[in-house]
Amino acid sequence: MSRRRQIYEGKAKILYEGPEPGTIIQYFKDDATAFNAQKKGTINGKGVLNNRISEHIFTRLNHIGVPNHFIRRLNMREQLVRQVEIVPIEVIVRNVAAGTLSKRLGIEEGTPLPRTLIEYCLKDDALGDPLIAEEHIACFGWASQEEMNEIADMAIRVNDFMSGLFSAINIRLIDFKLEFGRIWDGDFSRLILADEISPDGCRLWDMDSNEKLDKDRFRRDLGGEVEAYQEVARRLGLLPEGDENEVLDLEQHRKKRGK
Ligand code: C5P
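Per an unreviewed UniProt entry, the protein chain goes by the name Phosphoribosylaminoimidazole-succinocarboxamide synthase and belongs to Parasphingopyxis marina. Word for word, the UniProt comment on the protein chain under Pathway (unreviewed entry) is "Purine metabolism; IMP biosynthesis via de novo pathway; 5-amino-1-(5-phospho-D-ribosyl)imidazole-4-carboxamide from 5-amino-1-(5-phospho-D-ribosyl)imidazole-4-carboxylate: step 1/2." The record held by UniProt for the protein chain lists under Catalytic activity (unreviewed entry) the comment "5-amino-1-(5-phospho-D-ribosyl)imidazole-4-carboxylate + L-aspartate + ATP = (2S)-2-[5-amino-1-(5-phospho-beta-D-ribosyl)imidazole-4-carboxamido]succinate + ADP + phosphate + 2 H(+)".

Listed below in structure tokens is the structure:
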């Protein structure tokens, strides 16, 4: 664990001051929450897996020109990222009906949507991250119209890229959540992708069996959470073949060596 100054502790991550101005260290915890933290638990090894999966996706997104906060992974649970001013909006991208969309509109889970749907929620735990319209965003000035256009463009690019990435490993990308942040240069700011992309904030279904390989295993008490996250990491080529517990063993091993 880092001895640097803690800036913020969230539900799944802790943020520490980074080594240089304008940088932050993201520490990935094993804590899991659902339904606005009404359900709490621990998924042993989740932080290690999410750190690796998010590193992989953000690095690849950088290669295709989607600007993001990722700088480099520091160790099993920490990554160095650029400090941003978080836009207080959760951007949900949906390809297939599931979760709150299914509940809200009575659409059976698993129904493909006629087109990709982007929804916005206000990032406010006390209010339970309510669904908002673009009208609310404009009315209350949470983001400018120019920023909203950029957010929608980037969200679609991320969706195209991730749908391909996952379909190549026999996983259907049902939906996911993105967060964006501003980087200021004097009076001007630009938007970059921030936070994390991992099975905590995506719905990932096996294409053949529809088995859930994401946080719904925890939300719905399905069990096998860490195995599902490991399966995603393994298919992405981030785990050595064979040894199921390799990631966790690796962490124990490094801890013993004091790294
Ligand atoms: O719960 P809901 O169906 O609205 O979630 C849509 C997608 O956004 C899911 O992949 C879920 O994991 C993600 N999400 C999230 N954090 C939230 C709300 C949703 O990662 N606060």
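Now that the structure has been shown, we can carry on.
For the rest of this paragraph, the subject is the overall build of the protein chain. Looking only at helices and strands, the protein chain features seven helices and 14 strands. In terms of overall dimensions, the protein chain is globule-like: its C-alpha atoms have a radius of gyration of 18 Å, near the 18 Å expected for 259 residues. The dimensions of the protein chain, computed from C-alpha atoms along their principal axes, are 55 × 50 × 35 Å. In the protein chain, which comprises 259 residues, the proportion classed as buried is 49%. Long-range pairs, those at least 24 residues apart, make up 57% of the contacts in the protein chain between residues at least 6 apart in sequence.

Right, let's talk about helix 1 (residues 46–63) for a bit. A turn of α-helix holds 3.6 residues, and therefore any two residues three or four places apart point the same way. Relative to the 26 Å expected for 18 residues at 1.5 Å per residue, helix 1 spans 26 Å between its end C-alpha atoms, a close match to the ideal helical length. Here helix 1 lies mainly inside the structure; 13 of its 18 residues are buried.

What follows covers the nonpolar core. Membership of the largest hydrophobic core comes to 49 residues, with the highest contact counts inside it found for Val91, Val158, Met162, Phe166, Leu178, Leu193 and Ile197. With nine residues, helix 4 (residues 145–167) is the largest single contributor of residues to this core. When sequence neighbours within four positions are dropped, the list of residues in contact with Leu178 reads Ile89, Glu90, Val91, Ala155, Val158, Leu193 and Ile197. Core analysis: the next-biggest nonpolar cluster, separate from the first, contains five residues, Ile14, Ile25, Tyr27 and Leu80 among them.

Another point: helix 4. Here helix 4 contains 23 residues, and its C-alpha end-to-end distance of 33 Å stays within 8% of the 33 Å for a straight helix at 1.5 Å per residue. Of all the residues in helix 4, the buried ones are Glu147, Met148, Ile151, Met154, Ala155, Val158, Asn159, Phe161, Met162, Leu165 and Phe166.

Glancing now at the site of the ligand. Near the ligand, the surroundings consist of 15 residues, among which Glu90, Thr100, Asp175, Arg203 and Arg219 are the closest. Here a nitrogen atom of the ligand and a side-chain polar atom of Glu90 are 2.9 Å apart. At 2.9 Å from an oxygen atom of the ligand is found a side-chain nitrogen or oxygen belonging to Arg203. Contributing elements (two or more residues each) for the shell around the ligand: strand 9 (89–96), helix 2 (99–105), strand 12 (171–185) and strand 14 (202–206). Across the shell around the ligand, the residue classes break down as four nonpolar, three polar and eight charged.

The subject of this paragraph is the pairing of strand 2 (residues 13–17). Bridge count between strand 1 (residues 6–9) and strand 2: three bridges; the pairing is antiparallel. Following the sheet pairing, Glu9 is matched in strand 2 by Ile14. Pairing between strand 2 and strand 3 (residues 23–28): five bridges, direction antiparallel. Paired with Leu15 across the two strands is Gln26, which belongs to strand 3. The antiparallel hairpin formed by strand 2 and strand 3 contains five residues in its connecting segment, where Gly22 sits at a positive phi of about 85 degrees.

So, how was this worked out
Residues numbered from 1 in each chain as written. Predicted model: local features only at pLDDT ≥ 70, side-chain atom pairs only at ≥ 80, totals over all residues. Heavy atoms only, no water. UniProt positions renumbered as here; feature names shortened; annotations may be inferred. Helix = DSSP H or I, 4+ residues; strand = E, 2+ residues; numbered from the N terminus. Rg over C-alpha atoms; globule rule 2.2 N^0.38 Å. Buried < 20%, exposed > 50% of the residue type's maximum accessible area, 1.4 Å probe, protein only. Contact = heavy atoms within 4.5 Å. Expected span 1.5 Å × (residues − 1). Core = buried A, V, L, I, M, F, W, Y, C linked by side-chain atoms within 4.5 Å. Near = heavy atom within 4 Å. Polar contact = N/O pair within 3.5 Å; in protein donor to acceptor, adjacent residues only side chain to side chain. Nonpolar A, V, L, I, M, F, W, Y, C, P; charged D, E, K, R; others polar. Pairing = 2+ DSSP bridges.

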